[in-house]
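# Structural features, examined
Here is how the chains run, residue by residue.
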Amino acid sequence: MRDMKQDFPILSSSKNPIVYLDSAATTQKPIQVLDSIRKYYEESNANPHRGSYHLSMMATDAMEEGRNKVKKFLNVNTQKGELIFTKNATESLNLVAYSFGNYFVNEGDEILISIQEHHSNLVSWQRVAKERKATLKYIYLKEDGTFDYPDFLSKINHKTKVVAVTHVSNVLGFINPIKDIINVSKKYGAVTVIDGTQAVPHLSVDLTDLDPDFYIFSGHKLLGPMGVGGLYGTKELLDRMPPFLYGGDMIDYVEEQETDFAPIPAKYEGGTQNVASIVGLSTAIDYLQNIGMEQILAMEQDLVAYTIKKMKELSFIEILGDLDQPRIGVIPFQVKDVHPHDVASILDQDGICIRAGNHCAQPLLKHMGYSSVCRVSFYLYNTREDVDFFINKLKEVRRWLGYEA
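Basis of the calculations
- The written sequence of each chain sets the order in which its residues are numbered from 1.
- Selection of residues for local features in this predicted model requires a pLDDT of at least 70, selection of side-chain atom pairs for listing and counting requires 80 or more, and totals for whole chains, interfaces and linings are taken over all residues.
- Based on all heavy atoms of the structure, the side-chain values leave hydrogens and waters out of the count.
- Helix and strand labels come from DSSP, where a helix needs a run of H or I of at least four residues and a strand needs a run of E of at least two; each type is numbered from the N terminus.
- The span you would expect from a helix comes to 1.5 Å times its residue count less one.
- For every residue, the accessible area obtained with a 1.4 Å probe (protein chains only) is divided by the maximum for its type, and the residue is called buried under 20%, exposed over 50%, and partly exposed between those limits.
- Here the arc refers to the directions that run from the helix axis out to each C-beta atom.
- Throughout, a contact is declared for two residues whenever any of their heavy atoms are within 4.5 Å.
- Think of a polar contact as two N or O atoms within 3.5 Å of one another; within protein, one of them needs to be a possible hydrogen donor and the other a possible acceptor, and neighboring residues in sequence only count if both atoms come from side chains.
- Aromatic rings from Phe, Tyr and Trp, with only the six-membered ring used for Trp, were paired whenever their centres fell within 6.5 Å, and each pair was classed as stacked if the ring planes differed by under 30 degrees, edge-to-face if by over 60, and tilted otherwise.
- Charge-over-ring placement is defined geometrically: NZ (Lys) or CZ (Arg) within 6 Å of the ring centre, and within 35 degrees of the ring normal.
- Think of a patch as exposed residues, more than 30% relative accessible area, with no salt bridge, where like charges cluster within 9 Å and nonpolar side chains (Val, Leu, Ile, Met, Phe, Trp, Tyr) cluster within 5 Å.
- Per-residue and other accessible areas follow the Shrake-Rupley method at a 1.4 Å probe size, with only the shown protein chains counted as cover for residues.
- For salt bridges, the criterion is a side-chain nitrogen of Lys or Arg within 4 Å of an Asp or Glu carboxyl oxygen.
- Two strands make a pair as long as DSSP finds a minimum of two bridges between them.
- Seen with its strands pointing away from the viewer, a crossover is right-handed when the path leading from the first strand over the helix to the second is clockwise.
- Of the grid points, spaced at 1 Å and generated over the protein atoms alone, those admitting a 1.4 Å probe that cannot get out make up cavities, while open sets with protein on both sides within 12 Å along at least five of seven lines make up pockets; any residue with an atom within 4 Å of a point is treated as lining.
- Grid points are joined across faces, edges and corners, and a volume is the space filled by probe spheres set on the points.
- Classes in brief: Ala, Val, Leu, Ile, Met, Phe, Trp, Tyr, Cys and Pro nonpolar; Asp, Glu, Lys and Arg charged; the others, Gly included, polar.
- Fitting a line to C-alpha atoms yields each axis, with helices limited to the stretch in contact; the angle taken between N-to-C directions then spans 0 to 180 degrees.
- The cut-offs work like this: below 35 degrees is roughly parallel, past 145 is roughly antiparallel, 65 to 115 is roughly perpendicular, and the gaps in between are oblique.
- A crossing counts as left-handed when the near helix is turned anticlockwise from the far one by less than a right angle, and as right-handed when that turn is clockwise.
- Under the counting rule used here, the positive set is Lys and Arg, the negative set is Asp and Glu, and His together with the chain ends is not counted.
- Charged side chains are reduced to one point each, which is NZ for Lys, CZ for Arg, CG for Asp and CD for Glu.

## A closer look at helix α2 (residues 31-43)
Helix length check: α2, at 13 residues, gives a terminal C-alpha distance of 18 Å against a target of 18 Å (1.5 Å per residue), a fit within 8%. Taken residue by residue, α2 has V33, S36, I37 and Y40 as its buried positions. Mapping the buried residues of α2 onto a view down its axis gives an arc of 100°, with all of them on the same face. Tucked into the core, α2 has its buried residues touching α3 (54-73) and α10 (275-291).

## As for the environment of Y381
Here Y381 lies in the loop between β15 (373-377) and α14 (384-400). For Y381, a relative accessible area of 1% gives the class buried. Engagement of the side chain of Y381 in a polar contact is seen with the backbone nitrogen of Q28, the distance being 3.1 Å.

## Some thoughts on the packing of aromatic side chains
Under the definition given, this model contains twelve aromatic pairs. Ring geometry for F147 against F152: centres 6.3 Å apart, planes inclined by 50°, an arrangement best described as tilted. When sorted by exposure, F147 lands in the same class as F152, which is buried. Taken together, the ring pairs connect F8, Y287, Y379 and Y381 into an aromatic cluster. The residue whose ring lies beneath R127 is Y98, and the NZ or CZ to ring-centre distance is 4.0 Å.

## Some thoughts on unusual backbone geometry
Comment: phi is negative for the bulk of residues other than glycine, and the bulk of peptide bonds are trans. The linkage connecting I264 with the following residue, P265, adopts the cis geometry, with an omega of 5°. Within the element layout of this structure, P265 appears in the loop between β10 (259-261) and α10. Located in the positive-phi region is H49, a residue other than glycine, with phi close to 65°. Mapped onto the elements of the fold, H49 is located in the loop between α2 and α3.

## Overview of a nonpolar patch on the surface
A contiguous nonpolar patch, built from Y246, I251, V254 and F261 and spanning about 370 Å² of accessible area, is present on the exposed surface. For I251, the location among the structural elements is in strand β9 (residues 251-254). Overall, the relative accessible area of 33% leaves I251 in the partly exposed class.

## Side note on the pattern of salt bridges
Evaluation of the coordinates by the stated rule reveals 21 salt bridges. For D151, the salt bridge is made with K155, and the minimal N-O distance between the two is 3.1 Å. In this pair, D151 and K155 are both assigned in helix α6 (residues 149-155), four residues apart and thus about one turn of the helix distant. By relative accessible area, which is 15% here, D151 ends up buried. Measuring nitrogen to oxygen at the nearest pair gives 3.0 Å for the salt bridge that ties R398 to D337. In this pair, R398 sits in helix α14 while D337 sits in the loop between β12 (330-335) and α12 (340-348), placing the two residues 61 residues apart along the sequence.

## Thoughts on the pairing of strand β4 (residues 135-139)
Strand residues, when the strand is regular, have side chains that alternate between the two faces of the sheet. Bridging between strand β3 (residues 110-114) and β4 involves five bridges; their strand directions are parallel. In the strand pairing of β4, S114 is matched with I139. Taking the sense of rotation as the criterion, the β-α-β connection linking β3, helix α5 (residues 119-132) and β4 turns out right-handed.

## Looking at helix α7 (residues 178-187)
Turning to α7, its buried residues number three or more, namely I178, I181, I182, V184 and S185. Looking at the packing, one finds that the buried side of α7 touches α6, β5 (160-166), β6 (191-195) and α8 (207-210). Positive phi shows up at G189, right after α7, with a value of about 75°.

## Structural notes on the layout of surface pockets
Counted as a void, the largest pocket has a volume near 320 Å³. If you trace the largest pocket, you find 13 residues lining it, with Y40, S44, A62, E65 and V279 closest to the centre. Counting only elements with at least two residues in the lining of the largest pocket, the list comes to α2, α3 and α10. The leading source of residues in the lining of the largest pocket is α3, at six residues. Grouping the amino acids of the lining of the largest pocket by side-chain chemistry returns four nonpolar, four polar and five charged.

## Examining the packing of α12 against α14
At their nearest, the axes of α12 and α14 sit 9 Å apart, and the two run at 120° to each other. Classified by the angle between their axes, α12 and α14 sit oblique to one another. When you trace α12 past α14, the crossing you get is right-handed. Contact residues: α12 offers V343, I346 and L347, while α14 offers F390, K393, L394, V397 and W400.

## Topic: a negative patch on the surface
Among the surface-exposed residues, D252, E255, E256, E258 and D260 lie close enough to one another that they form a single negatively charged patch. By secondary structure assignment, the location of D260 is in strand β10.

## As for the sheet that holds strand β11 (residues 317-319)
The strand order across the open sheet built from four strands is β11-β12-β15-β14, with neighbouring strands paired in antiparallel fashion. Strand pairing shows two members of the sheet lacking a second neighbour, β11 and β14 (355-357), which therefore form its edges. Across this sheet, the average inter-strand angle for adjacent strands is 30°, counted without regard to direction. Here β14 runs beside β15; their pairing, made up of three bridges, is antiparallel. Each bridged residue has a counterpart across the sheet, and for A356 the counterpart in β15 is C374. Across the sheet, helix α11 (residues 293-312) touches β11 and β12, and the angle it forms with β12 is around 15°. This element, α12, spans β12, β14 and β15 of the sheet and lies at about 155° to β14.

And the structure:
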């Protein structure tokens, strides 16, 4: 397969060459996405759903075509569910926590989340539990870092109102048994909130098959621009919930003392939407589908296996989690005697971009006995040559600080 870096201006530039290994944080954008955004602003820019003139209709069409593209990409059952545009996954998770949690979680209810959760999906439910006087319970991990399914089964019960779990850990990269979690949750009448931020860019996500109550993703993680995310929700719940943001385009009729809200999805899309980013996301989905999601995952897992093999040869490297467990292109690790921030800064001198810190998952790291770790994360534009360069420079990190390699 061709080296796809040529499609990514930031990666193919000879002025400031970089090896980008932080795609779990955000992905780089292909020229096709950049061109589609520019073309929208040059030819179709107007406020969608507002005007009766041609340019506004073009903007509306672009937005709704993007919505339909996302629905098909995630195989949404349009009879059962709807796709809401938000500005990112964090807003989507907060929307559910506020509009569902604040109104339907009551004193004595239980909220069940995993210790793996990104702060966006953890702090939101922490707040709901405190304000609604509900009990927040955690599903922990096995010693190898994988989801403890028996622990989940032991904690879910008929008091469980919400089960909020990530599809894929942003720190460990392990794929959780989401379909089984959803099926069990339904038996107890619990509402499922699935953070698909790290799943949608890497897996073939089929929402008709999974059948969650809510499913969340972010556009910038899958080659799309920043400023657009998505929330799938069942129509039954979205119809019952109050809006999250109030303003233009989410109302049907307003009187001095009362307001009738627009039907979904407009009910949850108050204000002017980021149509250019929606257009960019639509183009990104085309790009991914031209390659194939199964092919993308296979490429990533090949790079993961190759990288782990190389890292295991370095005595000063510790890799977190079960090394044989299937994962997306994410590897968390530690360098002996060197703080992760120093590792990242030293590698940056050679144009290598990795993530260091708590990865917005402090409870997870504390549970595993860490305060900060390094993370490399791959996507379809990475190659074995990137890995070789990274490994060679990783060998020099300890020497920078006066340690023997």
